[in-house]
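An overview of the molecular structure
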Amino acid sequence: TTRRLSTIIHEKTQGNPFFCLEFLRSLVDRGLLRHSLRQGSWEWDAEKIGLENTTDNVLYLLSSKMNGLTNEVQTVLKVLSCFGIKVNGNIITYLNSTSQYCDIIVGIEEARSSGFISLTGEPSCYSFAHDKVREAAYSLVPSDEKHEFHSKLGMALINASKGDDLDDATVLTIVCQLNRNLLSLKQSSSSVRTEVSSLNYKSGVIAMNRSDYETASHYFSLASQMLPDNHWESNYELSLQLNIATAKATYSTGNTDKSQAALDIILKEATCMEDKLDAYSLVAFIHHSQERGEEAYTTCQDVLTQLGEEIPECVTPEENKKFIEETTLLLSDLSKESLQGMNEMDTSMQTAVKFFSFMAQIAWFSRPELLPFICLRIAKITMENGLCKHSLVGFVQFAFVLCQGKALSLSNVQVGCKIGEIAMSMLDHFDYSEIKTSVVHIYSYVQQHCNPIQKVAESAAKGFELGIACGDTVSAFLNAVQHIRLSIMGGRRLPDVLRETDKYLSIIGHHRNTLSTAYLSIYRQMIVTLTGINSGVTTDHGESGEAPEQVYGNRRTLLSHFQQAWQSFWLGYNERCHHYCEKLLGMTQLGGHHRILANFYYGLNSFSLSRKGQLIKAAKLKQVTKDALIVMREAEEVSKWNYRNKVFLLQAEIHSHEGKIDEAEAAYGAAITAARASKFIHEQGLACEYAAFHCKRNDKLDHAVNFFHQAKLCYNEWGCSMKVDFCIKQMSQITNS
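Residues numbered from 1 in each chain as written. Predicted model: local features only at pLDDT ≥ 70, side-chain atom pairs only at ≥ 80, totals over all residues. Heavy atoms only, no water.

On to the overall build of the chain, then. Across its full length, the chain carries 38 helices and five strands. The globule rule puts the C-alpha radius of gyration for 737 residues at 27 Å, and the 35 Å found for the chain is more than 25% above it. Each principal axis of the C-alpha distribution contributes one length, and for the chain these read about 115 × 75 × 50 Å. Residues counted as buried form 54% of the 737 residues belonging to the chain. Look at the contacts in the chain between residues 6 or more apart in sequence, and 68% of them connect residues 24 or more apart. Working note: accessible area of the chain is about 32,600 Å², and carbon and sulfur atoms make up 50% of it. In the chain, 71 side chains carry a positive charge and 82 a negative one; their mean positions are 7 Å apart. (Helix = DSSP H or I, 4+ residues; strand = E, 2+ residues; numbered from the N terminus. Rg over C-alpha atoms; globule rule 2.2 N^0.38 Å. Buried < 20%, exposed > 50% of the residue type's maximum accessible area, 1.4 Å probe, protein only. Contact = heavy atoms within 4.5 Å. Areas by Shrake-Rupley, 256 points an atom, 1.4 Å probe, with all protein chains shown as cover. Lys, Arg positive; Asp, Glu negative; His and termini not counted. Charge placed at Lys NZ, Arg CZ, Asp CG, Glu CD.)

Here is the structure:
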């Protein structure tokens, strides 16, 4: 039967129809498959056919068959094979318009009739019947002529397509041919070198638009190599664009040395201030990411000074208060409708607002006292000259200012949330891809006051992804920090947060971003302390032999104090928690959200100290808890989701301390219910734990055990092994007493 023969043929050709036919023809030609006239049927030697090396034979047969074709058809096959398994029809159209390849369409039809290629797709493209057919066709080009053959195709396409607006696929196709023989093309005329350089630059831009910064960097490097020696004189615009693109692409891959080198060239060779602006902005952010805040700030300051702006060296708290009041008044009638009715700002003023918004992001770390002035200046320029996307960034930054500081108030937070929401709603009216990641990061510090903290954490995670995609790694990594911080505060499962922290640290480690590395390392230590998990990831705070500037060091100190207060609170180290909370609440630079949480921990922790008879007098206890409750109630006015359970828990502790047993039990129950509703599993466990101690103090031991058990389940779900062990120990002490 034919079953065995068909099985052999299928195995050796993978069922490809073209290969099947060619393989059968080769078997006939070599007598392994023959027709017997006497028997009136086909005969074959299955054993010998099974030993055939199909790949080698097919390539040999295809090459032999192609060698028998006319020169015109062979040329067509060689040309098509240089483009891969298929080539777009527009490439063939361009080639057909040249003198070298004017007969290519005729040759293609002959190749199609021979079964080597086919016309497929929409738009049309010519495809080889199989990759082995393409391999055989490419073998027709002598090895020592291949590079030159490719470059001739590329140059023919350049000449044929001059003046046309080429699509991305065509640009990449032409460049692929040219780059096979760049060494030879470097010996060409300046005009040819410029053409090749320009096409590589365009290919790099295409790669950047696809978020492929490694490939983009490669194309830009080739483009630089192809530029003529006097390119800054003869090709100024291309040289400028190429260097800024190189700086952005290499910065996005973490190669800050190459990025800085390209920026230095721009600042040296560019002939006017306008041409240096993009370079200055990237220089500032590189300094910022490496905790060189003074250099970053000074860069922005120098640009703004050259644009005619006056920046004060320092401001007093009284002046800051006036700046905030004036800006609030300027924006008091702000609405989406009023913004839509504004004219668009002219280019020169947009540049000033852009650098003010850059300066504001840097000033939060290096010159926080100047933030109100910067925001006021952005608001004034906007109201006097019209709107731009950087105005909206400035408005969000002012909303951020209103939600920070030692004098944090309910009214300021409410105004800040309103301004931030209006500004964010207008972003879609602009092409804001370049600023989106930074705006998401800044706005998260406003949102955390008014929106569910878990959703704000998710938004920050998306901000990280956006930043990586668009190459804004500084903002991407700051979003990563915010994602981890809010995930911890929002009660997300700690082992999951630890894994994501390690993922972020691994990525950031390739970019020498000491700022975000330092922050993430601190948050990582907080998680490790409570979970007892340490995956062995090294966290050296991202330092590269140099200590951070004092301003950044102060920020680290502040966060380190919060870490100590937070850890101590959850671990029951009451004296230490008290110490660090007092330090934190006395610091003017403590962020608004951290300030609210520090008040919460300070208030609850004070009861624990009082019960131990340590450090805190009755009068101070009353004042501390009263202040904490005021802060939490104001916060609750803006977001019941985030703060209602905390208000209930503080009230429960006050009632318990005052001996109001029934009121306390009702408030503990409300705190547990509210925490569960807001998905704060850690604070649900905390409310259960405090309720258990309340019951224990009032000799309701069965209730105490039950509440400790509930707390244990919550802490287990949170992934906090230290608290799980603590609850087990408390239950054991009660049952054994």
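The discussion continues.
Before going further, it helps to spend a moment on the packing of aromatic side chains. Counting across every chain of the model gives 20 aromatic pairs. Here the aromatic rings of Tyr201 and Phe220 are separated by 5.9 Å at their centres, their planes lie at 35°, and the arrangement is tilted. With Tyr201 in helix H12 (residues 190-209) and Phe220 in helix H13 (residues 213-226), this residue pair connects regions lying 19 residues apart in the sequence. We note that Tyr201, like Phe220, is buried. (Phe/Tyr/Trp six-rings, centres within 6.5 Å; stacked < 30°, edge-to-face > 60°.)

Before going further, it helps to spend a moment on unusual backbone geometry. We note that Ser211 has phi near 65°; this positive angle belongs to a residue other than glycine. Secondary-structure assignment places Ser211 in the loop between H12 and H13. With a phi angle near 60°, Asp699 is a residue other than glycine that sits in the positive phi range.

Moving on, we come to the environment of Ile244. Mapped onto the elements of the fold, Ile244 is located in helix H15 (residues 236-252). The class for Ile244 is buried, based on a relative accessible area of 13%. Taking C-alpha positions, Ile244 is 46 Å from Glu109, a pair spaced 135 residues apart along the chain. Ignoring sequence-local partners within four residues, the contact set of Ile244 consists of Leu263, Ile266, Asp278 and Ala279.

This part covers helix H29 (residues 514-531). In this model H29 runs 25 Å from its N-terminal to its C-terminal C-alpha over 18 residues, within 8% of the 26 Å that 1.5 Å per residue would give. Most of H29 is tucked away, with 17 of its 18 residues classed as buried. (Expected span 1.5 Å × (residues − 1).)

A few words now on the sheet that holds strand S3 (residues 86-88). Strand order in the open sheet formed by three strands is S3-S5-S4, with antiparallel pairing between adjacent strands. Two strands lie at the open edges of the sheet, namely S3 and strand S4 (117-120), each paired on one side alone. Geometrically, the sheet is characterised by an average inter-axis angle of 20° between neighbouring strands, direction not taken into account. Summarising the sheet, S3 and strand S5 (residues 125-128) pair through three bridges and their orientation is antiparallel. (Pairing = 2+ DSSP bridges. Axes fitted to C-alpha atoms, helices over the stretch in contact; angles between N-to-C directions.)

As a further point, take the pattern of salt bridges. All told, the structure shown has 18 salt bridges when counted by the stated rule. Between Arg112 and Glu109 there is a salt bridge; the shortest N-O distance is 3.4 Å. Placement of the pair is Arg112 and Glu109 together in helix H7 (residues 104-113), with a separation of three residues, close to one helical turn. (Salt bridge = Lys/Arg side-chain N within 4 Å of Asp/Glu carboxyl O.)

Among the structural elements, Gly40 can be located in the loop between strand S1 (33-36) and strand S2 (41-44). The exposure class assigned to Gly40 is exposed, which follows from its relative accessible area of 54%. A sequence separation of 267 residues divides Gly40 from Leu307, and the C-alpha atoms of the two residues are 96 Å apart.

This next bit is on a negative patch on the surface. On the surface, Asp164, Asp165, Asp167 and Asp168 cluster together into a negatively charged patch. Asp165 gets classed as exposed once you look at its relative accessible area, which sits at 78%. (Patch = residues over 30% accessible without salt bridge, like charges linked within 9 Å, V, L, I, M, F, W, Y side chains within 5 Å.)

What follows covers the packing of helix H32 (residues 592-612) against helix H36 (residues 681-697). For the pair H32 and H36, the least separation of the axes is 14 Å and the interaxial angle reads 25°. Regarding the angle of H32 to H36, the classification is roughly parallel. When the axes of H32 and H36 are compared, the crossing they make is left-handed. Seen from H32, the contacting residues are Phe600, Leu604, Ser608 and Arg611; seen from H36, they are Glu683, Leu686, Tyr690 and Arg697. Here the contact of H32 with H36 is composed, by residue class, of four nonpolar, one polar and three charged. (Parallel < 35°, antiparallel > 145°, perpendicular 65-115°, else oblique. Left-handed = near helix turned anticlockwise from the far one by under 90°. Nonpolar A, V, L, I, M, F, W, Y, C, P; charged D, E, K, R; others polar.)

Worth remembering: the numbers are spatial, not functional.
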